[in-house]
Amino acid sequence: MDEAAAACGLYVGQKAADAAALVPDLHGDDYDPVGDRAALEILCDWCVRFSPAVAIDGPDGLFLDIEGVAHLWGGEAAMLDDLLARLNRWGAPARGAIADTPGAAWALARFAPDRTIAPPRSQAPLLAPLPVAALRLDAAAQAQLPRLGLFHVGQLLGLPRAQLARRFGMALTLRLDQALGAASEALRFQRPATPWCDRLAFFEPISAPDDLGRVVGDAVALICRRLEEEGQGARRFEIVFHRLDGKAIPIRAGLSRPGRDAGRVTRLLTPKLDTVDPGFGVEVVTVYAHEVERLSTVQVRLDAEAGAGIDENLAPLVDRLVNRLGGKVWRDEPRESHVPERSVTRRAPLGPPSGKTWNPDRPRPTRLFKRPEAIAVMAKLPDDPPIQFQWRGQAHRVRRAEGPERIGQEWWRSDFNTIGPAKIRDYYRVEDEAGERFWIYRQGFYGVGDDPKWWLHGLFG
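These remarks concern the structure in this document. (Residues numbered from 1 in each chain as written. Predicted model: local features only at pLDDT ≥ 70, side-chain atom pairs only at ≥ 80, totals over all residues. Heavy atoms only, no water.)

## Some points on the overall build of the chain
And step 1. Of the regular secondary structure elements, the chain holds 13 helices and 17 strands.
And step 2. Relative to the compact-globule value of 23 Å for 461 residues, the chain shows a C-alpha radius of gyration of 33 Å, a clear excess of over 25%.
And step 3. Taking the principal axes of its C-alpha atoms as reference, the chain extends roughly 95 × 65 × 50 Å.
And step 4. The buried share of the chain, reckoned over its 461 residues, is 37%.
And step 5. For the chain, the share of sequence-separated contacts (at least 6 apart) that also reach a separation of at least 24 residues comes to 52%.
And step 6. Element-wise, carbon and sulfur atoms account for 53% of the exposed surface of the chain, whose accessible area totals about 27,300 Å².
And step 7. Within the chain, the 62 negative side-chain charges are centred at a point lying 6 Å from the centre of the 60 positive side-chain charges. (Helix = DSSP H or I, 4+ residues; strand = E, 2+ residues; numbered from the N terminus. Rg over C-alpha atoms; globule rule 2.2 N^0.38 Å. Buried < 20%, exposed > 50% of the residue type's maximum accessible area, 1.4 Å probe, protein only. Contact = heavy atoms within 4.5 Å. Areas by Shrake-Rupley, 256 points an atom, 1.4 Å probe, with all protein chains shown as cover. Lys, Arg positive; Asp, Glu negative; His and termini not counted. Charge placed at Lys NZ, Arg CZ, Asp CG, Glu CD.)

Right under this line is the structure:
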């Protein structure tokens, strides 16, 4: 409810018919909370140009952590004026305030004069004349406090804390402490806050592909220069193009090992510019480095200059494949598990090895099927290996067989009531007359419950 609507006698919760009687030319639209939330998330992404840490506050607010970035606009007041002026030009009028704590900023933005800026550690005098609703209390507390003659925040500040907590609960004292900075408040930022970010702003919007390509190189050079100065490297880089209409378009690239070679990162990002629609122009570009870690400099050869110690042949190739194919590039690594399909996990192609190895006394097939395939088997009862089996319409006569290797279910991973002999597997390594080797298992026992079933789980060689 804005001031103009309140002046006409309208209020939140009023019936539409009563509102139309007071304002005959009132225009109404259906409430769309999903659409409003989506629009607020777009606005949250747009605000990244002002701060790398932006959080959504309820259905109609945003929190921006501007510590360390206000000087880019010439101060806090100039930054706040620029933000609100841009929103007003787009037909999204807003109010704003700046304070040391999210609670104080929320209260000042909604109940104090617009564009109030609280001096550091001095928000209490500005909060004192505000109504108690400025503390973000629940509906019951907001209704009860005025009945007791407590209308302003300053009245609460003068009361003993123990009595407030006993009468109204800990929520009231917590909100007071959060507003004054005595208690911390966790915010869920839309983008994880990272100090590894840089920003390029342009005097005139750009849209030509060549200009966008040059900007990618310049932005990556900025962040890589910082990484090099502090001896760090990053595994993921992100560039966000902020258009005039407020839409933010990101492109991302990852490295198999931490790096800071600006040319190499630029070559990975440039092909993705085809997905960037500049619209009426891009006015700001932000660049981020994620998964930053220490990058030691080592000399890999006697005739080589000191570098980052990254294989210059394999790592760039893997990076190009990963950025082009995504999650289809990985490296198999052992994982401790009795169940064969759980004993393998995917790791980054050039990530550090875990040191785990498979048991050489229990050979496993080079190709393990994602799902075992049912086969028809002829075998002597009850525990002999197959004599012949049929798989995918083709018969295979067994010449040699090894086993069984019994593998039970991992009972600690599932419901204990579902565990029984029917889940036990007996694996055999068999070779047919053509020399092909298979990994076959029988699940269950003869004479116990249903007849056991045979499955083909993998191929050797």
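## Comments concerning the pattern of salt bridges
And step 1. The tally for this structure, following the rule as stated, stands at 27 salt bridges.
And step 2. Put simply, aspartate 277 and arginine 243 hold a salt bridge, and the shortest N to O gap is 3.6 Å. Within this pair, whereas aspartate 277 is found in the loop between helix 12 (262-269) and strand 8 (282-294), its partner arginine 243 is found in strand 6 (residues 232-243), the two being separated by 34 residues in sequence.
And step 3. Residue glutamate 402 is joined to arginine 437 by a salt bridge in which the shortest nitrogen-to-oxygen separation is 3.2 Å. In this pair, glutamate 402 sits in strand 14 (residues 394-407) while arginine 437 sits in strand 16 (residues 437-443), placing the two residues 35 residues apart along the sequence.
And step 4. Taking the relative accessible area as the measure of exposure, glutamate 402 reaches 38% and is therefore partly exposed.
And step 5. Ionic contacts of the salt-bridge type, sharing partners, join the residues Arg49, Asp82, Arg86 and Glu283 into one network. (Salt bridge = Lys/Arg side-chain N within 4 Å of Asp/Glu carboxyl O.)

## Overview of the pairing of strand 8
And step 1. Summarising the sheet, strand 5 (residues 197-206) and strand 8 pair through six bridges and their orientation is antiparallel. Within strand 8, the residue paired with cysteine 197 across the bridge is tyrosine 288.
And step 2. In this sheet, strand 8 lies alongside strand 6 in antiparallel orientation, the contact comprising 11 bridges. Considered in strand 8, the bridge of phenylalanine 241 is made with valine 285. (Pairing = 2+ DSSP bridges.)

## Notes on unusual backbone geometry
And step 1. In this structure, the amide linkage connecting glycine 403 to the following residue, proline 404, adopts the cis form with an omega of 10°.
And step 2. As for its placement among the helices and strands, proline 404 is situated in strand 14.
And step 3. Of note in the backbone geometry, arginine 121 takes a positive phi value of approximately 55° without being a glycine.
And step 4. Assignment of secondary structure puts arginine 121 in the loop between strand 4 (116-117) and helix 6 (124-127).
And step 5. Although it is not a glycine, arginine 392 adopts a positive phi angle of roughly 55°.
And step 6. Residue position: arginine 392 is located in the loop between strand 13 (386-391) and strand 14.

## Some remarks on the sheet that holds strand 7 (residues 248-259)
And step 1. Across the sheet, which stays open at both edges, the four strands sit in the order 5-8-6-7 with antiparallel pairing between neighbours. Edge positions in the sheet fall to strand 5 and strand 7, since each of these pairs with one other strand and no more. Taken over all neighbouring pairs, the strand axes of this sheet differ in orientation by 15° on average, direction set aside. (Axes fitted to C-alpha atoms, helices over the stretch in contact; angles between N-to-C directions.)

## Regarding the nonpolar core
And step 1. With 27 residues, the main nonpolar core has Phe237, Ile239, Phe241 and Leu269 as its most contacted residues.
And step 2. Secondary structure elements with two or more residues in this core: helix 11 (209-229), strand 6, strand 7, helix 12 and strand 8.
And step 3. The greatest single-element share of this core, amounting to eight residues, is contributed by helix 11.
And step 4. Here leucine 269 is in contact with Val216, Val220, Phe237, Ile239, Ile251, Arg252 and Ala253, once residues within four sequence places are set aside.
And step 5. By size, the runner-up hydrophobic cluster in this structure holds 23 residues, among which are Leu108, Ala112, Leu164 and Ala179. (Core = buried A, V, L, I, M, F, W, Y, C linked by side-chain atoms within 4.5 Å.)

## Things to note about a nonpolar patch on the surface
And step 1. Together, Leu314, Leu317, Leu321 and Leu325 make up a nonpolar patch on the protein surface, roughly 320 Å² of accessible area in all.
And step 2. Note on placement: leucine 314 falls in helix 13 (residues 314-325).
And step 3. A relative accessible area of 39% means that leucine 314 is categorised as partly exposed. (Patch = residues over 30% accessible without salt bridge, like charges linked within 9 Å, V, L, I, M, F, W, Y side chains within 5 Å.)

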